[in-house]
Amino acid sequence: VPPPAPSSGIPQDERQWAMFAHLSALLGGLLTSGWAGSVGCFIGPLIIWLVKKETMPFVDDQGKEALNFNITVGIVFLCLFLLSVLTLGIGLIVTFPLMVIVGIAWLILTIIAAVKANDGVAYRYPLTLRLIK
């Protein structure tokens, strides 16, 4: 007998896949750390969203959210990297601390989103470009 649906009405397997959409960014970041880290962070959410979007509305919503957030973070890191290169490394005085702050915020917000998704709550990341609609 499957467990009863939570009060949100979203089935457990759908909540779990939504949580995986968020957490897959962490796994992608770990597996592709280094120069490709930003790219690896949105591959997992993209795959889960593409596979489950037609059959699971909550995963469709949260997969897009995770994808948009990780694309936004990737753009921020790319801009900070380019600023460092264009200033011949002098910009690292500013960009390195910003990269650390953005990285910590990314980690914390991703974990919060995963927990909320597993609870059946549609999480919205702050300061996110909504590129995928």
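Everything numeric here is computed off the predicted structure, so don't read it as measured data.

(A) Main features of the packing of helix α1 (residues 12–31) against helix α3 (residues 57–86). Two elements in contact, α1 and α3, have axes whose closest approach is 8 Å; the angle formed by their N-to-C orientations is 10°. What the angle tells us is that α1 and α3 run roughly parallel. Note on element contacts: α3 touches α1 through Pro-57, Phe-58, Val-59, Gln-62, Gly-63, Ala-66 and Asn-70, opposite Glu-14, Arg-15, Trp-17, Ala-18, Ala-21, His-22 and Ala-25. Of the residues that constitute the contact of α1 with α3, the class distribution is eight nonpolar, four polar and two charged.

(B) Seen up close, α1. The end-to-end C-alpha separation of α1 is 27 Å, in line with the 28 Å expected for 20 residues at 1.5 Å each. Of all the bends in α1, the greatest, near 35°, is centred on His-22.

(C) Spatial organisation of a nonpolar patch on the surface. Where nonpolar side chains cluster on the molecular surface, the patch consists of Leu-92, Phe-96, Val-100, Ile-104, Ile-108 and Ile-112 and spans about 520 Å² of accessible area. With respect to the secondary-structure elements, Leu-92 resides in helix α4 (residues 92–118). Among the residues examined, Leu-92 registers a relative accessible area of 40% and is labelled partly exposed.

(D) Broad picture of the packing of aromatic side chains. Following the criterion strictly, the structure yields three aromatic pairs and no others. Seen in terms of ring centroids, Trp-17 and Phe-20 are 5.6 Å apart; in terms of plane orientation they differ by 90°. Their pairing is edge-to-face. Here Trp-17 pairs with Phe-20, and both are found in helix α1, just three residues apart, close to one helical turn. Take Trp-17: its relative accessible area is 31%, and that puts it in the partly exposed class. An aromatic cluster of three or more residues is present, and its members are Phe-69, Tyr-123 and Tyr-125.

Quick notes on the rules
Residues numbered from 1 in each chain as written. Predicted model: local features only at pLDDT ≥ 70, side-chain atom pairs only at ≥ 80, totals over all residues. Heavy atoms only, no water. Axes fitted to C-alpha atoms, helices over the stretch in contact; angles between N-to-C directions. Helix = DSSP H or I, 4+ residues; strand = E, 2+ residues; numbered from the N terminus. Parallel < 35°, antiparallel > 145°, perpendicular 65-115°, else oblique. Contact = heavy atoms within 4.5 Å. Nonpolar A, V, L, I, M, F, W, Y, C, P; charged D, E, K, R; others polar. Expected span 1.5 Å × (residues − 1). Bend = angle between axes of the 7 residues up to and from the residue. Patch = residues over 30% accessible without salt bridge, like charges linked within 9 Å, V, L, I, M, F, W, Y side chains within 5 Å. Areas by Shrake-Rupley, 256 points an atom, 1.4 Å probe, with all protein chains shown as cover. Salt bridge = Lys/Arg side-chain N within 4 Å of Asp/Glu carboxyl O. Buried < 20%, exposed > 50% of the residue type's maximum accessible area, 1.4 Å probe, protein only. Phe/Tyr/Trp six-rings, centres within 6.5 Å; stacked < 30°, edge-to-face > 60°.

No statement about biological role is implied by the geometric values presented.
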